[in-house]
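# What the coordinates show
Listed below are the residues making up each chain.
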Amino acid sequence: MKLLAGDDTDNNAQSLTSKTSMTNTMTEGANESIVLQLAKLKYVVKIPPPPKLNLNGWPDKDVYDPELDKMFWWRNDPVLNEFHEHWHFINAGGNDNTRRNRDGEIFIHMHRQIVARYDADRLCVGLEKVKALPDFRTPIPDPFYPHPNLFEKWNHTRVHFMARPANQTPHDFVELIDGEVSIYTISDLEKERQLLIEWIDGGTNIKHPIPLKRVDSDANILGLDIQRQFHKFGHNLLSNIMNPYTIGYPTSVLMGPRAGLRDPLFLKWHRYVDDIFLRWQNYLGPSDFHHDAPNVTIRTTDIILSFTDVLLKVYPDGQKDKWSEFGKKTFGGSNFDVNFTSGPIITNEFHTKMKYREYIWREDLFDKENITYVFPRDWYYFLRVTNEVNITSIITFRIFIAPEVFSDSIVHWIELDKFKKILQPLEKTVIAREADKSIIIRKPAQKTESQFDESQIIPSLHKAESGLTNQAVSDKLFCHCGWPYHMILPRGTKSEGTKFKMIVFISDGTNDMVPLHDQCGSTSLCGAEKWTEKIPDIRPLGYPFNRPFKNGSYKETFKGLHNVAIRNITIIWKDDDFSEF
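Residues numbered from 1 in each chain as written. Predicted model: local features only at pLDDT ≥ 70, side-chain atom pairs only at ≥ 80, totals over all residues. Heavy atoms only, no water.

In the annotation of an unreviewed UniProt entry, the chain is listed under the name Tyrosinase copper-binding domain-containing protein and assigned to Gigaspora rosea. Per UniProt, the chain has the following entry under Subcellular location (unreviewed entry): "Secreted". (UniProt positions renumbered as here; feature names shortened; annotations may be inferred.)

Shown next as structure tokens:
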């Protein structure tokens, strides 16, 4: 393998041996073996100087100041990071080499949703979209300093994760596995990428001898290959920027799912990975939804939104039947064709606020900290729909939003919900749907501090799962897996708010098993509830945003479709408080 030039091999071998000896984890004979293996190498990379930290665990404020990091609250949200770690518990490979249904496809979909949501919130704080890494050799401008209260298990103790000052350059690194020294190089990662691109572009090679088809069903094949090979290799390389040897050094947060989201580089890397998958999706061409639409009609004026606290003031008994009868009486019947664009119970806005709570680092050293987090104002959808045929119709609602300025990008549409309904012959009805029953979130919706803390992956959880197979752990922990409800919406901006587009897309639900409600975890983001079950959606994940738009325009793509409604909404970050439920 090709190595970068560095110090003299013997000097580095001695330095590495010294570091290794300090760990007291290897025998003298093993150390000698490592020295002999390294002596065969011409060059090894230099060890960069350690980041300078103050007694409080942070660097000088002119180096990095978390109070000036506009996205610190987002990346460091503990429940969000716990969701990401739970997701990897759920979707690990089986001990018998079996895989969960469509796990490669859901890997792409879930991480795409993370980056889409991050980009939406970056927009709301005045930042540009995440830029993918340009390559593997350019210095990375973003610094990363892990939270001082965040620790990892290493060498039978707890230590801080490795920090990364600004403008560090990726490089080759050395790894010790079962007494054997391996060198992972940038050239190898670049070769992995080139082999992937050749495969996506229609060719074959030594790594991919079977052509990749340009059909939706091959999304899982490509996604799994990217996840297990290229994606994993990249994480290893990027996590070793500050420690070229994996012997005698703690790791970066990028080495595992527990805290990787806290590092801005995680988002840059996953945008890079997603761009490769998007290259293949673009070859599929736009979908022709005229051949995939049930005989139902929904209009822009049929998407009616109301805040839960406002509804309760008008009709306190509405929650007894989940506002079903209220919706039908108010917006259906003789009012079915009325345009409810405004009114005392109608909103064209979503509202969020920032809240504060005490967080205890139970997985670490039980430090206490006051943290901020975003929280939405609960709302209801009232969706009017007409069954145009004289037979029973089974339909699936798919609800997405995207920042108006990103709406022509398929990767920026954020999934809000997905659920099934049954329509009687020629029925005109109003369907009420509460936001906190969304298929993307963990249920019941976590709204209180005690509910937030239920997500924490504390040592007792690891102990309870010890000895179980990956399959058993997946089944046992599924209900813990789902997007945090408090982050279901981007935060928006104050005053006039941030403009978004909302799409309600109705697909034929006859043959899919999309539930009316998920009972606990998210089958949309986390996969099937049981290891042996199939994802309850026969369509590609992210549908109808899994293929490119016609002429790059979402308007042209959905124009004239009777099963699609698109409307404007505004998300406003409110200074004043609002009621919670």
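### Overview of the nonpolar core
Of all hydrophobic cores here, the largest spans 116 residues; its most connected members are Trp74, Phe382 and Met502. Counting residues per element, this core draws most heavily on helix H8 (residues 264-284), which supplies ten residues. Ignoring anything within four residues of it in the chain, the contact list for phenylalanine 382 reads Asp302, Ile303, Ile304, Ser306, Leu311, Trp323, Phe326, Gly327, Phe331, Val430, Ile431 and Ala432. Counting 16 residues, the second largest nonpolar core, distinct from the first, contains Ile410, Ile503, Tyr554 and Val564. (Core = buried A, V, L, I, M, F, W, Y, C linked by side-chain atoms within 4.5 Å. Buried < 20%, exposed > 50% of the residue type's maximum accessible area, 1.4 Å probe, protein only. Helix = DSSP H or I, 4+ residues; strand = E, 2+ residues; numbered from the N terminus. Contact = heavy atoms within 4.5 Å.)

### Here's the deal with the sheet that holds strand E13 (residues 498-508)
Taken in spatial order, the six strands make up an open sheet running E8-E7-E14-E13-E10-E11, and their pairing is mixed. Looking at strand neighbours, the two that pair on one side only are strand E8 (368-376) and strand E11 (414-423), the edges of this open sheet. With direction set aside, neighbouring strand axes in the sheet form an average angle of 25 degrees. Pairing analysis gives four bridges linking strand E7 (residues 349-360) to strand E14 (residues 564-573), with the strands arranged parallel. For histidine 351, the partnering residue across the bridge sits in E14 and is isoleucine 572. Here helix H5 (residues 103-124) sits on the sheet and contacts strand E10 (393-403), E11 and E13; the angle it forms with E11, its principal contact strand, is near 120 degrees. (Pairing = 2+ DSSP bridges. Axes fitted to C-alpha atoms, helices over the stretch in contact; angles between N-to-C directions.)

### Things to note about the pattern of salt bridges
The full count for this structure, using the stated rule, is 40 salt bridges. A salt bridge links arginine 357 to aspartate 453, with the shortest nitrogen-to-oxygen separation between them at 3.7 Å. With arginine 357 in strand E7 and aspartate 453 in helix H11 (residues 449-453), the pair connects residues that are 96 residues apart, well separated along the chain. Given the relative accessible area of 5%, arginine 357 is considered buried. What makes aspartate 453 partly exposed here is its relative accessible area of 24%. The partner of arginine 442 in a salt bridge is glutamate 454, and the shortest N-O contact between them spans 3.9 Å. With arginine 442 in the loop between strand E12 (428-434) and H11 and glutamate 454 in the loop between H11 and helix H12 (459-465), this pair connects stretches of sequence that are twelve residues apart. Take arginine 442: its relative accessible area is 8%, and that puts it in the buried class. Each of Asp292, Arg398, Glu415, Lys418, Lys420, Asp512, Asp537 and Arg539 takes part in one network of salt bridges that share partners. (Salt bridge = Lys/Arg side-chain N within 4 Å of Asp/Glu carboxyl O.)

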